[in-house]
Amino acid sequence: MLAALEGMIAELRQIGVPVSLAERIDAMQSLRHLPVGDRPTVKAALRAVLVKTHDHELAFDAVFDLYFTAQPGQAGSAQENSQAAPGQDGQEAQDGQGGLSGQNGHGGGGLGALDAATLTELLLTALRDGNEVMMRALASLFVERHAGIEPGRPVAGTYYVFRTLRAVDPDRLLARLAEGGGQAPGQASGKAPGQAADSMQRRLELEGYEAQLAKFRQMVEAQVRQRLVDDRGAAAVARTLRRPLPEDVDFLTSSRDQIADMRAVLDPLTRKLASRLAAKRRHKRRGALDFRRTVRRSLSTGGVPVRPAFRKPHPAKPELFVLADISGSVSTFAAFTLQLAFALRSQFSRVRSFVFVDGVDEVTDVLQQAPDVVEAARHINAAGSGVWLDGRSDYGHALSAFWDIWGEQVRRRTTVIVLGDARTNYHDPREGALKAVTQRAGHVFWLNPEPTSAWNSGDSVIARYQPFCDAVYECRNIRQLRAFVEDLD
């Protein structure tokens, strides 16, 4: 048990989940007060001790399943229970999950002799009734029949899951479940209110079936992981399954779905960014002289104003100009920058957004009017925004065009954030344009999505722009974006 806990904590640290020495000791101490045969209880207790943010829960669940596996015979009992009548209570399903620190028994038991059509009908019944014991037994059997796991092969198991689900065909199952739904007794008659209630019931049933199918998929994944652990050991499987945490996903290599999922993280970050920039401006200068308080203070020093009094500055919300590179070389980063600009709108008195490739265009109205960032991106792409000539990056021309058209509108209360890799395709960088912007703006920050080791290599000219920025930050993921915001003191 302690060896499994040590291995799990080491793997959590390896993927970036912070686990302190005190938390490690608390986790070990908690095992002394828990029924170690009750796997759900142990999992809940360790999650409470080791996981501090919601974003780390999925990583914890995956690692826990690798290092704390079901005991032999537990799967067999689940399969025996699955032959009982559908609709067993939640306690029986929970009993099928108990046990720790052993190898999971595989095989279909009494179900193994059934043909594919019969197994599919059993799965439909289990999904319809929410019978998790039956679903777990069928997941084990489908994996055994269709995954084709090759012993000793160092893979993560994604292909094995795919092969199993291809045999199950979840889309076809969902369609059959939907066809059979809505036939419960007591359906409404032809009246409109009854029809609306019936439509709502059918939609709720469909969502319930989708949730059951998602749960079945998780059971298939757990069965595949278990067999891989049986074959190669938890540590070896953990290395093949290792994935970065959401805050460590690289903007340049992340999928669009991952970029979209960052919205929940960006909203609190934008609020903090606005407050930090306001505080920075407030600390930078003092308010106007308070003549009345200064004279009152001077009475104690014979009329000599030894300690002048100043009014506390109350700067308005800062203005923000966001210049985002949307060229092909940073296409996924461009999706993130639009997401960031979309989230920043409510935190500043005015956010003006610009996109550039070899030209520059303002897209403030597009982001304000679009219902979501996906629709805004579609409109920006359709309009060819940011393209002047051939659509190849030219920072020099883009920055010069920005200064010529909008430079006079930059003020001391304006913060300019440039998001891009500073790769100019060997065009003249024209850093004088950025210098002119810096002389008028309150602050200029540059966020570069490339690793620092790649700066100033090839056609990267970030060193030419760096002297005219308050700071240049490597910003490859949410963790580094958070560090940028925290650094604004």
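What counts, and at which threshold
Residues numbered from 1 in each chain as written. Predicted model: local features only at pLDDT ≥ 70, side-chain atom pairs only at ≥ 80, totals over all residues. Heavy atoms only, no water. Helix = DSSP H or I, 4+ residues; strand = E, 2+ residues; numbered from the N terminus. Buried < 20%, exposed > 50% of the residue type's maximum accessible area, 1.4 Å probe, protein only. Contact = heavy atoms within 4.5 Å. Areas by Shrake-Rupley, 256 points an atom, 1.4 Å probe, with all protein chains shown as cover. Pairing = 2+ DSSP bridges. Axes fitted to C-alpha atoms, helices over the stretch in contact; angles between N-to-C directions. Parallel < 35°, antiparallel > 145°, perpendicular 65-115°, else oblique. Left-handed = near helix turned anticlockwise from the far one by under 90°. Nonpolar A, V, L, I, M, F, W, Y, C, P; charged D, E, K, R; others polar. Patch = residues over 30% accessible without salt bridge, like charges linked within 9 Å, V, L, I, M, F, W, Y side chains within 5 Å. Salt bridge = Lys/Arg side-chain N within 4 Å of Asp/Glu carboxyl O. pLDDT = per-residue confidence, 0-100.

## Digging into the overall build of the chain
Helix and strand counts for the chain come out as 22 helices and 6 strands. The burial tally for the chain puts 47% of its 489 residues in the buried class. Within the chain, counting contacts between residues at least 6 apart in sequence, those at least 24 apart form 78% of the total. For the chain, the exposed surface amounts to about 24000 Å²; the carbon and sulfur share of it is 52%.

## Considerations on the pairing of strand β2 (residues 350–356)
The element β2 is extensively covered by neighbouring structure, given that 6 of its 7 residues are classed as buried. Examined bridge by bridge, β2 and strand β3 (residues 360–362) share 3 bridges and lie antiparallel to one another. From the neighbouring strand, phenylalanine 354 faces β3, where its bridge partner is glutamate 362. Linking β2 back to β3 in an antiparallel pair, the connection comprises 3 residues.

## Points about the packing of helix α3 (residues 39–50) against helix α4 (residues 57–67)
Put simply, α3 and α4 touch, their axes get as near as 11 Å, and they point 135° apart. Taken together, α3 and α4 sit at an angle that is classed as oblique. In terms of crossing hand, the pair formed by α3 and α4 is right-handed. Note on element contacts: α4 touches α3 through Glu57, Phe60, Asp61, Phe64 and Asp65, opposite Arg39, Val42, Lys43, Leu46, Arg47 and Leu50. Of the residues that constitute the contact of α3 with α4, the class distribution is 5 nonpolar, no polar and 6 charged.

## Let's talk about a nonpolar patch on the surface
A cluster of nonpolar side chains, namely Leu289, Phe291 and Val295, defines an oily patch on the protein surface of about 290 Å² accessible area. Counting through the fold element by element, phenylalanine 291 comes out in helix α15 (residues 291–298).

## As for the pattern of salt bridges
Inspection of every chain in the model, using the stated rule, returns 17 salt bridges. The shortest N-O distance in the salt bridge between glutamate 132 and lysine 215 comes to 2.9 Å. Of this pair, glutamate 132 sits in helix α8 (residues 132–146) while lysine 215 is found in helix α11 (residues 192–232), placing the two residues 83 residues apart along the sequence. Classification of lysine 215 by relative accessible area gives partly exposed; the value is 28%. Taking the shortest distance from any N to any O, the salt bridge between arginine 476 and glutamate 474 comes out at 3.7 Å. A cluster of three or more residues bridged by salt bridges with shared partners is formed by Lys43, Arg47 and Asp61.

## Comments concerning the confidence of the model for the chain
Summary statistics for the chain give a mean pLDDT of 78 and a share of 76% for residues scoring 70 or more. Here residues 182–191 scores under 50 on pLDDT; set against residues more than four positions off or in separate chains, the count is 10 contacts.

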